[in-house]
Amino acid sequence: MTAATVDVALGARGYEVRVGKGLIARAGAEIAPLLARPRVAIVTDAAVAGLHLPALEAALAGAGIASTALALPPGEATKGWAGLSRTVEWLLEARVERRDIVLALGGGVIGDLAGFAAAILRRGVRYVQLPTTLLAQVDSSVGGKTGINTAQGKNLVGAFHQPALVLADTGVLDTLPARDLRAGYGEVVKYGLLGDAGYFAWLERHGAALLAGDAALRAEAVRRSVAMKAAIVARDETETGERALLNLGHTFAHALEAATGYSDRLLHGEAVAIGCGLALDLSVRLGLCRQDAPARLRAHLDAVGARARLADIPGDLPGATALIALMAQDKKVVDGRLRFVLARGIGAACVADDIPPEAVAAVLEGAPA
Ligand code: GLY
């Protein structure tokens, strides 16, 4: 299968996202033109390493590129200060120099962590993203947001550092657990909701087949999502305006993830899907959006077997006041006022400031609009 290419048009920091089946097996040839010398350092996690590291190492060796790898523990807890210092020190011990390239092989945790380590190592070395989850392929590997979590919240420490190349091998999605795939689908649906009603309708037609394993549909969904993200990032690299739309559903999602301890109870993409529904509820309550939009979203998520509502999260959740307090650490808070990405309808997101906490509480409590 030939790869599709999406350009992220950022001038001197611009790069290509290549999307298609078999890119890991071709990684040596894809990466070789970027290298000043034939060696790379790979950062991955132990679960991904078991599945895909031998293929990547063989591909690199086949192109005459030497590699060394660090396999970190899988899971969100790795994306913290301890994981960062371990990665940076390992890269220094591996004698990664300024002109070398770091490869990030994994999902969003590894991409964000390795990207941030690359951003601060020797004041910045280049890195290549090889995203292995649907979520990382459609969102976190593109756009240069890197960072770690702290006790105060998610992604509060980090840097904008664009990759030199992204290789999204859609073949690796075949090895993803069904739940991770469905969770990543939350970020796919987000793109339709935020800016392209036609794409949302396409997902309504093809989402179930895509999740069931149709390779061409998967590659098309990744390409189309990445193309939307690339266009937004090219216009607003550091999120001074439009890029905030990519955070549709995320203010609710981050609060729900904090409330569930960033655990298996709720995966990030699941939180985003539920958060998108709540953002549409809030939009209806504030008179921005037609009443049928949240129901249409939830009907689609139900149809593909994805989590769609607060009641789909197992166990008890804190009340609305506690969830709103968790939102106060969100990077979208301005002068302590709540700022949300809302929608005027499916395919039409907008940023809204100074949202009354009572409206947010009513949505969380499921009060009728
Ligand atoms: N995930 C949101 C962004 O990259 O801006």
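Everything below is about the structure shown above.
To start, this report covers the structure provided alongside it. These numbers were taken from a predicted model, which means no experiment stands behind them. (Residues numbered from 1 in each chain as written. Predicted model: local features only at pLDDT ≥ 70, side-chain atom pairs only at ≥ 80, totals over all residues. Heavy atoms only, no water.)

## Let's talk about the overall build of the chain
Link 1 in the chain: Along its length, the chain carries 13 helices and 11 strands.
Link 2 in the chain: The C-alpha radius of gyration of the chain comes to 20 Å, within 12% of the 21 Å expected for a compact globule of 369 residues.
Link 3 in the chain: Viewed in the frame of its principal axes, the chain has a C-alpha envelope of about 65 × 40 × 40 Å.
Link 4 in the chain: Looking at the chain as a whole, 57% of its 369 residues are labelled buried.
Link 5 in the chain: The contacts in the chain between residues at least 6 apart in sequence include a share of 73% that link residues at least 24 apart.
Link 6 in the chain: Total accessible area computed for the chain in this model is approximately 14,200 Å², and 53% of it derives from carbon and sulfur atoms.
Link 7 in the chain: Computed over 38 positive and 38 negative side-chain charges, the inter-centroid distance for the chain is 4 Å. (Helix = DSSP H or I, 4+ residues; strand = E, 2+ residues; numbered from the N terminus. Rg over C-alpha atoms; globule rule 2.2 N^0.38 Å. Buried < 20%, exposed > 50% of the residue type's maximum accessible area, 1.4 Å probe, protein only. Contact = heavy atoms within 4.5 Å. Areas by Shrake-Rupley, 256 points an atom, 1.4 Å probe, with all protein chains shown as cover. Lys, Arg positive; Asp, Glu negative; His and termini not counted. Charge placed at Lys NZ, Arg CZ, Asp CG, Glu CD.)

## Some points on the pairing of strand β8 (residues 153-160)
Link 1 in the chain: As judged from the five bridges shared by strand β7 (residues 145-150) and β8, these two strands associate in the antiparallel manner. Within the sheet, the bridge partner assigned to I148 lies in β8 and is V157.
Link 2 in the chain: Between the end of β7 and the start of β8, which pair antiparallel, lie two residues. (Pairing = 2+ DSSP bridges.)

## A word on the packing of helix α7 (residues 197-212) against helix α11 (residues 292-303)
Link 1 in the chain: Where α7 contacts α11, the axes come no closer than 10 Å and their chain directions differ by 30°. Viewed along their axes, α7 and α11 adopt a mutual orientation that is roughly parallel. In terms of crossing hand, the pair formed by α7 and α11 is left-handed. Together, F200, A201, L203, E204 and G207 of α7 and R296, L297 and H300 of α11 make up the contact between the two elements. (Axes fitted to C-alpha atoms, helices over the stretch in contact; angles between N-to-C directions. Parallel < 35°, antiparallel > 145°, perpendicular 65-115°, else oblique. Left-handed = near helix turned anticlockwise from the far one by under 90°.)

## Details of the pairing of strand β9 (residues 165-169)
Link 1 in the chain: In terms of burial, β9 is a largely internal element, five of the five residues being buried.
Link 2 in the chain: Neither face of β9 is left uncovered, since the one carrying L165, L167 and D169 and the one carrying V166 and A168 both have all their residues buried.
Link 3 in the chain: Note that strand β6 (residues 126-131) and β9 share two bridges and pair parallel. Paired with V128 across the two strands is L165, which belongs to β9.

## Focus on the environment of L134
Link 1 in the chain: Inspection of the secondary structure puts L134 in helix α5 (residues 134-140).
Link 2 in the chain: The class of L134 is buried, set by a relative accessible area of 3%.
Link 3 in the chain: Those residues within four positions of L134 in sequence are excluded, and the remaining contacts are L173, L176, L181, G184, Y185, V188 and V222.

## A look at the nonpolar core
Link 1 in the chain: F252, V360 and L364 are the most contacted members of the largest nonpolar core, which has 80 residues in total.
Link 2 in the chain: The element that contributes the greatest number of residues to this core is helix α10 (residues 268-285), accounting for 10 residues.
Link 3 in the chain: Apart from residues lying up to four places away in sequence, F252 is in contact with G275, L278, A279, L282, M327, F340, V360, V363 and L364.
Link 4 in the chain: In terms of nonpolar packing, the next biggest core, distinct from the first, is built from 23 residues, L72, L91, V102 and A118 among them. (Core = buried A, V, L, I, M, F, W, Y, C linked by side-chain atoms within 4.5 Å.)

## Considering helix α8 (residues 215-235)
Link 1 in the chain: Between its terminal C-alpha atoms α8 stretches 31 Å, which fits the 30 Å expected from 21 residues at 1.5 Å a residue.
Link 2 in the chain: Inspection of α8 places L217, R218, A219, A221, V222, S225, V226, M228, K229, A230, I232 and V233 among the buried residues, and these make up the whole buried set.
Link 3 in the chain: Those residues of α8 that are buried lie in contact with β1 (4-8), β2 (15-20), α5, β9, α6 (178-195) and α7. (Expected span 1.5 Å × (residues − 1).)

## Examining the state of the cysteines
Link 1 in the chain: If you walk through the whole model with that rule in mind, you get zero disulfides.
Link 2 in the chain: Here C276 stays unpaired: no disulfide links it, and the sulfur of C289, its closest cysteine neighbor, is 12 Å away.
Link 3 in the chain: Free of any disulfide, C350 has its nearest neighbouring cysteine sulfur in C289, separated by 9.1 Å. (Disulfide = S-S within 2.5 Å.)

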